[in-house]
Structures are given as structure tokens and as C-alpha cells.
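Structural overview for review
Listed below are the residues making up each chain.
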Amino acid sequence: MKKLRGRLSLLVGGAVVVSIAAVLVYQRLSPVAQSKSEAGKSSIKLPETRPMKPSRRLLEIPVPLVSPRPIGSPDKQNWIEKRVAELDRLAWSDDPESLGKILAELRNSEPEIRAAALAATSDFGSRDAIPHLDDLSRDSKDPLEQKALDDLIDHLRLPTFLEQGPREDPE
């Protein structure tokens, strides 16, 4: 019974993080913004990437990768898809270098990559990410992004199965 509860809480937490990431991507890539920007005469001002004041903790994180392809080209979309797949692969490794690469992409200018990095951070499941997520949340100007980061921090702070210890069944 307790395994089921633990798995259910992990599943719900993961679903919340993925849902918030999807909202972030949808918000930044609404059909109106896409069609106007593709036409080249965008009157909608999309949010700029947030300027970050580097803290001591963030100096350890590498710089996010930038696409070498021009905006709107099919090659750029392919590059984004490959980067998202790479972040997913990194999420299942267990080394600090992979976590650093994932956390770096939380500052990427591409919303799809930021959403994938958020999901990858959740999948990686390391509490070592919390200080970096906290810094990003404080520096973010986007309330939805702040909420997603704060929810992920709360999820990572949940006790693990081993930390919970044995519980008595009410039988």
C-alpha cells in the first residue's frame, strides 16, 4: 500500500511539472505570436530572456547552448528536437556534470528547451539542483515560470522512500 502511495505521489508530481512546462511552452508559442512572427511583422512583443545576475552558485553551471541555425529554419527546429532528446538522455544519468548541463539549459532562450530542461531536472531528481532553481525563480520575471520552478523545488524536497522509513499499516 505504501509503495502505491509513494508511486502515486511521484506520478502526480511529475504530471504537475510536465503540465506546467507545457503551459510555459504554449504561452510563448501561441498561434497568434507564431503567425505574426513568421510574417515578419510582429507587433506582439514576446518576453525577452531574463537577464541573470550570476550568483556564486550559478557560476558553476555552464553556459546554455545556442542554436547555430537561423530563426524559423527547419534546421533550427531539428536542432531543438535533438537538444530536447539529449536533455532527456542526460536526465537518466547519475553524474553532476549531466545535472550541470541540464541546469544550464533552464536559461536557454528557446522555450521548448527550457521546458525540456525543467522536465529533465525533475527526472534527474537531485536536491543539488534546488539552489540553482531557487536563484532562477527569484530572477524570473515570468510568474508562470516562477511557479513551475517553485513547484519543482517543492517536488525535489519531498522525502524519498528511504527517508520515509517504515510506516505501520492501519490494519
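Every value quoted in this text rests on a predicted model; they were computed, and no experiment measured them.

Parameters and conventions
- Residues numbered from 1 in each chain as written.
- Predicted model: local features only at pLDDT ≥ 70, side-chain atom pairs only at ≥ 80, totals over all residues.
- Heavy atoms only, no water.
- Helix = DSSP H or I, 4+ residues; strand = E, 2+ residues; numbered from the N terminus.
- Buried < 20%, exposed > 50% of the residue type's maximum accessible area, 1.4 Å probe, protein only.
- pLDDT = per-residue confidence, 0-100.
- Contact = heavy atoms within 4.5 Å.
- Salt bridge = Lys/Arg side-chain N within 4 Å of Asp/Glu carboxyl O.

**Looking at the overall build of the protein chain**
- Helix and strand counts for the protein chain stand at 8 helices and 0 strands.
- Shown N-terminal to C-terminal, the secondary structure of the protein chain runs as helices and strands in the order α-α-α-α-α-α-α-α.
- Out of the 171 residues belonging to the protein chain, those deemed buried represent 37%.

**Examining the confidence of the model for the protein chain**
- Taken residue by residue, the protein chain gives an average pLDDT of 76. The fraction at 70 or more is 64%.
- Within the protein chain, no element has a lower average pLDDT than helix α2 (residues 31–39), which sits at 44, and none a higher one than helix α5 (residues 111–124), at 95.
- Contacts from residues 30–59, a stretch scored under 50 in pLDDT, to residues over four places away or in other chains number 36 contacts.

**Digging into the pattern of salt bridges**
- If you walk through the whole model with that rule in mind, you get 8 salt bridges.
- Two residues, E110 and K76, come together in a salt bridge whose shortest N-O distance is 2.7 Å. Remark: K76 occurs in helix α3 (residues 74–91) and E110 occurs in the loop between α4 (96–104) and α5; sequence separation between them is 34 residues. Residue E110 shares its accessibility class with K76, and that shared class is buried.
- Of the charged contacts, one joins K147 and D151 as a salt bridge, the two residues approaching to 2.9 Å between their closest N and O atoms. Of this pair, K147 and D151 are both found in helix α7 (residues 143–157), 4 residues apart, which corresponds to roughly one turn of the helix.
- Accessibility expressed as a relative area gives 47% for K147, which makes it partly exposed.
- Counted as one network, the salt bridges with shared partners bring together D134, D135 and R138.

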